[in-house]
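Here's the letter readout for the chains.
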Amino acid sequence: MSDLTSMTLAEARDAIRAKKISSRELTGAFVTAIEKARPLNAFITEAGDAALAAADAADKRIVAGSTGALEGLPLAIKDLFCTKGVKTTAASKILGNFIPPYESTVTQNLWDAGAVMLGKTNLDEFAMGSSNETSAFGPVFNPWRANNSNANLVPGGSSGGSSAAVAADLCLAATGTDTGGSIRQPAAITGRVGLKPTYGRCSRYGIVAFASSLDQAGPMTKTVRDAAIMLKTMASVDPKDSTSVDVPVPDYEKLLDGGIKGLRVGIPKEYRVAGAAPEADALWDKGVEWMKAQGAEIVEVSLPHTKYALPTYYIVAPAECSSNLARYDGVKFGYRAEGARDITDLYERSRGEGFGPEVQRRILIGTYVLSAGYYDAYYSRAQKLRTLIKRDFEVAFEKCDVLLTPATPGPAFAVGAKTTDPLEMYLQDVFTVTVNLAGLPGIAVPAGLTSTGLPMGLQLIGKAFDEATLLRAAFAVETAAGFKHSPAKWWSV
Amino acid sequence: MSVDKDTVRRIAKLARLAVPESRLEPMAGELNGLFQWVEMLGEVNVEGVVPMTSVVAQKLKWREDRVTDGGQADAVTANAPGGEDHFFVVPKVVE
């Protein structure tokens with residue numbers, strides 16, 4: 001059955017349409033693979049029985065002539081998307097038993113197109129982390145291991161369950177969310193594709209909020225083509241999200257093959273940072289050569305405020321987090337502490353017991369930077385920096401159509417390697433966080449293996465709402481890189 | 001600016017977050033590490049720069065002021081850790 005689970009989304013779609021396989025066969029293969037892969041801890045909730053029932057329903061619709069874009073295709077959903085009647089935890093104890101009475105718009109779009117849900121994937125608690133180690137449901141292990149090593153590595157974060165599930169062939173594709181790099185970083189260090197669309201492209205309705213001005217949903221897939229297929233269905237204009245932007249959603253898949261002859265590719269010199277692995281820079285140089293060889297014009301550009309992006313993010317994101325997470329009070333839903341003396345005690349203890357250490361740290365940072373006397377020095381200044389960072393991109397995009405950068409400062413690292421110093425963990429997002437602050441689309445594409453046999457990716461950044469050009473450029477990089485590696489299935493014996 | 005134990009206690013109170021006494025000191029250290037790093041933003045000249053309010057240039061949407069949803073008390077209270085007859089139950093608030 002391994003040939004079924006190793007198919008790309010596009011291959012599976014075509015096979016189902018040609019009636020070569022049924023959704024039942026395909027879904028069954030994934031349900032079995034997920035059960036065998038429990039040592040990876042990629043899923044918080046497995047939904048095997050419901051998935052098989054949904055597959056049968058899809059098969060009936062296919063017989064009746066349905067042409068849904070994702071008819072019968074099994075997907076994994078990050079456990080940050082509310083799914084009606086299916087537990088949605090955000091990997092937090094405080095939402096440990098939460099069963100949403102409504103469906104997120106992005107997942108509803110997927111089901112309307114005929115997709116099948118295999119389960120809900122693990123993540124960093126409330127999507128706050130870069131290694132999936134802050135989850136209240138335990139860490140996820142990267143399917144990849146270094147050559148001749150049995151050490152467990154992190155799958156990245158926050159969408160670490162989704163990245164592990166895609167890399168380990170536990171689903172055709174998965175959803176993720178990206179606030180500072182949470183789709184692109186885990187995709188890059190598991191050797192797969194991760195796309196963060198433009199802010200406003202996908203509705204945020206029904207996605208557990210972390211930092212509302214930065215959060216954006218996107219696909220995590222095996223190929224760029226699959227990302228194009230997923231985005232077309234995930235994106236929509238939604239009256240339930242006032243920040244969902246009213247722009248047409250093109251058929252990205254049809255626009256992939258145009259080639260990049262004459263495309264102007266910007267290389268931001270500030271993305272050569274101290275502390276990045278030499279292999280990150282070497283891969284970047286290779287990427288430049290690949291694009292040049294296909295007729296792209298390489299342009300050096302400058303994004304002078306790049307080094308301020310991470311500190312800006314660590315003011316803006318915690319500020320929004322402290323405000324968004326104020327709703328968890330032990331009253332209307334979620335965890336409630338036992339035996340509270342009074343209402344304040346109920347709030348304080350429900351939150352103190354329900355939130356994990358990283359979430360608590362960010363709530364405190366956010367509360368501090370928004371408090372009287374510090375608002376101007378921290379929050380207001382950070383929002384001004386954000387204006388400058390966005391302006392850097394606007395100036396750069398006068399000279400180019402897309403930007404090419406490294407995706408992460410290094411490959412996957414060992415579980416526990418970066419948990420003692422929060423700042424060291426935060427540096428994982430050094431190449432991705434600027435894109436969220438500027439609201440732009442970005443994609444991580446697998447580009448090569450390190451000398452130790454671990455995958456690394458390249459990032460492409462596009463103009464706002466120009467995912468079509470971004471995907472076309474990513475397709476060119478993917479084709480040139482020819483990355484066909486998959487991890488050895490050590491967990492499935 | 002340096003965060004001490006009392007500051008952590010004060011912001012924890014503002015955030016309605018029970019932080020055990022033994023965690024106050026270590027948390028002050030962690031926050032100081034972060035705020036020292038963030039200090040670098042002070043070196044940028046931001047005079048005349050407008051703080052960002054929206055990352056995408058778009059007008060806020062308007063809609064007609066009418067009821068679009070409602071009558072779902074069951075669903076609204078379904079996840080309440082304390083609930084009775086569509087009410088949320090909390091400890092006594094008024095003596």
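Our structure is the block above this text.
Right, let's walk through the structure included here. As the structure is a prediction and not an experimental result, all values here were calculated from the model. (Residues numbered from 1 in each chain as written. Chains lettered and ligands numbered in written order. Predicted model: local features only at pLDDT ≥ 70, side-chain atom pairs only at ≥ 80, totals over all residues. Heavy atoms only, no water.)

## Describing the overall build of chain B
Inference 1: When you go through chain B residue by residue, the secondary structure sums to three helices and two strands.
Inference 2: Taken from the N to the C terminus, the helices and strands of chain B come in the order α-α-α-β-β.
Inference 3: Against the globule reference of 12 Å for 95 residues, chain B gives a C-alpha radius of gyration of 23 Å, more extended than a compact globule.
Inference 4: Taken along the three principal axes of its C-alpha coordinates, chain B extends 55 × 45 × 25 Å.
Inference 5: Put simply, chain B has 95 residues, and 31% of those count as buried.
Inference 6: Of the roughly 6,800 Å² of accessible surface on chain B, a fraction of 53% belongs to carbon and sulfur atoms.
Inference 7: Across chain B, the centroid of the 11 positively charged side chains sits 2 Å from that of the 15 negatively charged ones. (Helix = DSSP H or I, 4+ residues; strand = E, 2+ residues; numbered from the N terminus. Rg over C-alpha atoms; globule rule 2.2 N^0.38 Å. Buried < 20%, exposed > 50% of the residue type's maximum accessible area, 1.4 Å probe, protein only. Areas by Shrake-Rupley, 256 points an atom, 1.4 Å probe, with all protein chains shown as cover. Lys, Arg positive; Asp, Glu negative; His and termini not counted. Charge placed at Lys NZ, Arg CZ, Asp CG, Glu CD.)

## Let's talk about the interface of chain B and chain A
Inference 1: Counting residues at the interface gives 46 residues for chain B and 64 residues for chain A.
Inference 2: Summing the contributions of chain B and of chain A, the shared interface buries around 4,900 Å²; its carbon and sulfur component is 71%.
Inference 3: Along the contact surface separating chain B from chain A lie three salt bridges.
Inference 4: One salt bridge in this structure joins glutamate 30 of chain B and arginine 361 of chain A, with 2.8 Å as the shortest N-O distance.
Inference 5: At the level of elements, helix H1 (5-14) and helix H2 (21-38) of chain B are the ones that each hand at least two residues to the side of chain B that touches chain A. (Contact = heavy atoms within 4.5 Å. Buried area = accessible area lost by both parts, 1.4 Å probe. Salt bridge = Lys/Arg side-chain N within 4 Å of Asp/Glu carboxyl O.)

## Thoughts on helix H2 (residues 9-17) of chain A
Inference 1: Looking at H2 of chain A, one finds that the buried residues are Leu9, Ala10, Ala12, Arg13, Ala15 and Ile16 of chain A.
Inference 2: After H2 of chain A finishes, the residue lysine 19 of chain A shows a positive phi value of roughly 60°.

## Some details on helix H9 (residues 278-293) of chain A
Residue and element names in this part refer to chain A.
Inference 1: An ideal rise of 1.5 Å per residue puts 22 Å on 16 residues; H9 measures up with 23 Å between its terminal C-alpha atoms.
Inference 2: Taken as a whole, H9 has its buried residues at Ala280, Leu283, Trp284, Gly287, Val288, Trp290 and Met291. On an axial view of H9, the arc spanned by its buried residues comes to 160°, and they lie on one face. Turned more than 90 degrees away from the buried face of H9 sit Pro278 and Ala293, all of them exposed.
Inference 3: Buried-residue contacts for H9 involve strand S7 (264-268), strand S8 (297-301), strand S9 (402-406), strand S10 (442-449), strand S11 (455-462) and helix H16 (467-481). (Expected span 1.5 Å × (residues − 1). Arc of directions from axis to C-beta.)

## Some details on the sheet that holds strand S1 (residues 43-46) of chain A
Residue and element names in this part refer to chain A.
Inference 1: The strand order across the open sheet formed by 11 strands is S1-S3-S2-S4-S6-S5-S10-S11-S9-S7-S8, and the pairing between neighbours is mixed. Each of the sheet's edge strands pairs with one partner strand only, and the pair in question is S1 and S8. In this sheet, neighbouring strand axes are inclined to one another by 30° on average, regardless of whether the strands run parallel or antiparallel.
Inference 2: Pairing of strand S4 (residues 173-178) with strand S6 (residues 216-221) involves five bridges; the strand directions are antiparallel. (Pairing = 2+ DSSP bridges. Axes fitted to C-alpha atoms, helices over the stretch in contact; angles between N-to-C directions.)

## A short note on the nonpolar core
Residues and elements named next belong to chain A.
Inference 1: Residues Leu26, Leu70, Phe126, Leu170, Phe393 and Leu460 are the most contacted members of the largest nonpolar core, which totals 171 residues.
Inference 2: Ignoring sequence-local partners within four residues, the contact set of leucine 460 consists of Met291, Val402, Leu403, Leu404, Pro441, Gly442, Ile443, Val445, Leu470, Ala473, Ala474 and Val477.
Inference 3: Of all hydrophobic cores here, the second largest spans 10 residues; its members include Val154, Ala167, Ile189 and Ala412. (Core = buried A, V, L, I, M, F, W, Y, C linked by side-chain atoms within 4.5 Å.)

## Some details on empty space enclosed by the protein
Residues and elements named next belong to chain A.
Inference 1: Scanning the entire structure with this criterion turns up three cavities of 30 Å³ or more.
Inference 2: One number sums up the size of the largest cavity: a volume of about 60 Å³.
Inference 3: Around the largest cavity, the lining comprises 13 residues; the ones closest to its centre are Ala127, Gly129, Ser182, Tyr313 and Asp429.
Inference 4: Here the lining of the largest cavity is built from residues that sort into five nonpolar, six polar and two charged.
Inference 5: The calculated volume of the second largest cavity comes to roughly 50 Å³.
Inference 6: As for the second largest cavity, its lining consists of Arg204, Ile207, Ala209, Asp215, Gln216 and Ala217. (1 Å grid on protein atoms, 1.4 Å probe; cavity = no way out; pocket = protein on both sides within 12 Å on 5 of 7 lines; lining within 4 Å. Points joined across faces, edges and corners; volume = space filled by probe spheres on them. Nonpolar A, V, L, I, M, F, W, Y, C, P; charged D, E, K, R; others polar.)

## Regarding the pattern of salt bridges
Any two side chains of opposite charge can pair, on the condition that their charged atoms come close.
Residues and elements named next belong to chain A.
Inference 1: As enumerated under the stated definition, the model contains 35 salt bridges over all chains in all.
Inference 2: For arginine 362, the salt bridge goes to glutamate 358, with nearest N and O atoms at 2.7 Å. On the criterion of helical spacing, the pair formed by arginine 362 and glutamate 358 is a turn pair, its members being four residues apart in helix H12 (residues 357-370).
Inference 3: Judged by its relative accessible area of 3%, arginine 362 falls in the buried class.
Inference 4: The closest approach of N and O atoms between aspartate 401 and lysine 463, which form a salt bridge, is 3.9 Å. Within this pair, whereas aspartate 401 is found in the loop between helix H13 (375-396) and S9, its partner lysine 463 is found in the loop between S11 and H16, the two being separated by 62 residues in sequence.
Inference 5: In this structure aspartate 401 comes out as buried when scored by relative accessible area, which is 18%.

## Let's talk about the pairing of S10 of chain A
All names here are of chain A.
Inference 1: With seven of eight residues buried, S10 lies mostly within the body of the structure.
Inference 2: Summarising the sheet, strand S5 (residues 193-196) and S10 pair through three bridges and their orientation is antiparallel. For glycine 194, the partnering residue across the bridge sits in S10 and is alanine 444.
Inference 3: The sheet contact formed by S10 and S11 spans seven bridges and is antiparallel. Directly across from isoleucine 443, in S11, lies its bridge partner leucine 460.
Inference 4: As consecutive antiparallel partners, S10 and S11 are separated by five residues, and within that stretch glycine 453 has a phi angle of approximately 85°, a positive value.

## Quick word on unusual backbone geometry
Inference 1: Following glycine 157 of chain A, the chain continues to serine 158 of chain A via a peptide bond in cis, the omega torsion being 10°.
Inference 2: Along the chain, the position of serine 158 of chain A falls in the loop between strand S3 (116-121) and helix H6 (160-167).
Inference 3: In this structure, alanine 91 of chain A takes a positive phi of about 55° despite not being glycine.
Inference 4: By secondary structure assignment, the location of alanine 91 of chain A is in the loop between strand S2 (74-78) and helix H5 (105-112).
Inference 5: The backbone phi angle of arginine 16 of chain B is positive, close to 50°, even though this residue is not glycine.
Inference 6: Looking at the element boundaries, arginine 16 of chain B is found in the loop between H1 and H2.
Inference 7: By relative accessible area, which is 34% here, arginine 16 of chain B ends up partly exposed.

## Here we look at the layout of surface pockets
Inference 1: The computed volume of the largest pocket comes to approximately 1,100 Å³.
Inference 2: If you go around the largest pocket, you meet 31 residues; those closest to its centre are Tyr102, Tyr205, Gly206 and Lys240 of chain A together with Asp69 of chain B.
Inference 3: Class assignment of the residues belonging to the lining of the largest pocket gives a composition of 17 nonpolar, five polar and nine charged.

## Focus on the packing of helix H8 (residues 224-234) of chain A against H16 of chain A
Residues and elements named next belong to chain A.
Inference 1: The N-to-C vectors of H8 and H16 enclose an angle of 160°; their axes lie 9 Å apart at closest approach. Looking at the two axes, H8 sits roughly antiparallel to H16. For H8 against H16, the interelement crossing comes out right-handed. Across from Val224, Arg225, Ala227, Ala228 and Leu231 in H8, the residues of H16 making contact are Glu467, Leu471, Ala474, Phe475 and Glu478.
Inference 2: In terms of residue class, the contact of H8 with H16 is built from seven nonpolar, no polar and three charged. (Parallel < 35°, antiparallel > 145°, perpendicular 65-115°, else oblique. Left-handed = near helix turned anticlockwise from the far one by under 90°.)

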